[in-house]
Amino acid sequence: NSNLTDLLCCCIRRCPEIGRDVFARTVPTVGMTAAKRAAIIILHRGCCATSLAALAGRTLDRQEHNGNDGSAVDGWMRMTWMPGRQYAFPASCEAAATDEETRSFEDALARHRGRIDRYREAWQYRPDSNATNETKTPSRSWPDNVPSDDDLGWMRTDLIFCGRSRTEDDYCKRLVFRLACNMMIQFDDDSQLRGLKMLSDLAERGFADAQCYLGMKLNDGYARIPPDSIKAVEWFKKAADQDHPQGIYELAVAYYTGEGVEEDEELAVHLFRRAGEKNVPAAAYMLGDCLLDGVGVAMDRAQALEWLVRASELGHRGARSRVMAQLEVDDCDDYGEFTDRSRQSLKSALAKRKTTLRAKDG
C-alpha cells in the first residue's frame, strides 16, 4: 500500500527505531510480497534500516517471534544476509542517500528542475487541471491515419484498380487497412463487422498494421464479438515479430497485465524498451513508470525520469503529469492509493474493465 509506504518513510526519517518496529508489526497484515515492495521504495528514499531488514531475509513462516503478542520485531531485527554473519542497522538512515542510484536521481532532478518553466509552457501544465490529477491509463491513439468519410470516394476508386491489377504492393494493403479502419469506427454493427473481416483477411496475408489492430479489437471485444485476449496476444506476437512498434507495445502490455498470457514483468519491461526506442509514447511512459518503482527491472529513477521526459516530448499527457509530480513531489504528502498525485496503473484499469465486463455478462 503506497499510502502506508509514505507514512512509514516519514516515520522512519523522524525516529528510525519506532519506524522499524511499526514496519515489522505490519508485515503479517500486508504479506511478504507487499512488504518487500514497500521496503524497496523506502530504501531508495533514504530509509535504509527498514529496507535492509525486509530484504535480508526470512519469509513469514521463518520469522522469529519475541513472545510479545506474536510480534515479529525481534526476528526482523536479527535477520542476516548470510549464515553466521550479522548486519548492524544504523541509527540514522542518511547513509542511504549517498548510494549511486540516489546521487544519479538527485542530479537528474536538479537538471530537469532547471527546465521546469519550459516544461510548464511547452506542455501547458496546470497543477489544478483534471489532466494532471485524474489522468487515466494511456489512451490508444493508434492508428492515427483513419480516413474521414470525405476521403472514401477516391480511396475506393484506387482500391478497384488494385483489384484489377491483383497487386499485393504495400500501397494497396495500406489502402485496404485504412478503409477497414474507417468502417470500424462507424456506429452500425454491420459496417464494423465488414471492417473486421477486411482487417482479418489483411492480417492473414501478413500485414503488420492489420495484425496489431486486429489484436487490439479482439482484446477489447468488438461488434457483438466477446473479448478474446488469448487470440489477441497471438496477433500481437505476429506483429511484434515484424518489429511493428505498436504491436511490440501491445504485447508488452499483455505481459505486464497477464491478460491473454502469463504475467512476466521482466519481459514486459524489455518490450516496453523496444517500443520506446521506436518512439511509441505510451511505451516510453510505461518504461519510465517501471524504472521509477523497480517493477520488472532494477530501480533507476534517473533513467525513469529521462524516459518520462521523452514520453512527454512525444505528447503523452500522463507522462507529463508524472514528470511534474516527480519534480514537485513531497515524500510526506498523502496521495491516497498512488505514490504521487499522478500515479498511473494499467493493472487498476484492467481490474475495473474486467469488473465492467462481468457486470455486462450478468
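Since the model is a prediction, treat every value here as computed from it, not as a measurement.

Definitions and cut-offs
Residues numbered from 1 in each chain as written. Predicted model: local features only at pLDDT ≥ 70, side-chain atom pairs only at ≥ 80, totals over all residues. Heavy atoms only, no water. Helix = DSSP H or I, 4+ residues; strand = E, 2+ residues; numbered from the N terminus. Buried < 20%, exposed > 50% of the residue type's maximum accessible area, 1.4 Å probe, protein only. pLDDT = per-residue confidence, 0-100. Contact = heavy atoms within 4.5 Å. Disulfide = S-S within 2.5 Å.

Novice: Even after reading the chapter, I still don't get the environment of Lys-238, so can you show me in this structure?
Specialist: Of note, Lys-238 is situated in helix α13 (residues 229–241). For Lys-238, a relative accessible area of 41% corresponds to the partly exposed category. When the C-alpha atoms of Lys-238 and Ala-203 are compared, they prove to be 9.2 Å apart, with 35 residues separating the residues in sequence.

Novice: Is there a simple way to think about the confidence of the model for the chain in this case?
Specialist: Detailed conclusions should not be drawn from predicted coordinates in areas where pLDDT is low. Of all residues in the chain, 59% have pLDDT values of 70 or greater, and the mean over the chain is 74. Mean pLDDT per element in the chain: helix α5 (residues 73–77) is the minimum at 37, and α13 is the maximum at 98. Here residues 43–98 scores under 50 on pLDDT; set against residues more than four positions off or in separate chains, the count is 103 contacts. Every residue in residues 332–347 is under pLDDT 50, and counting partners more than four places away or in other chains gives 52 contacts.

Novice: What exactly am I supposed to notice about the state of the cysteines here?
Specialist: Here a disulfide denotes one covalent bond, and it connects the sulfur atoms of two cysteines. Inspection of every chain in the model, using the stated rule, returns one disulfide. Through a disulfide, Cys-162 is tied to Cys-172; the S-S separation comes to 2.0 Å. Note on the Cys-162 and Cys-172 pair: the S-S dihedral is about -85°, so by sign convention the disulfide is left-handed. Placement of the pair is Cys-162 in helix α9 (residues 152–165) and Cys-172 in helix α10 (residues 170–184), with a sequence separation of ten residues. Exposure class is identical for Cys-162 and Cys-172. Each is buried.

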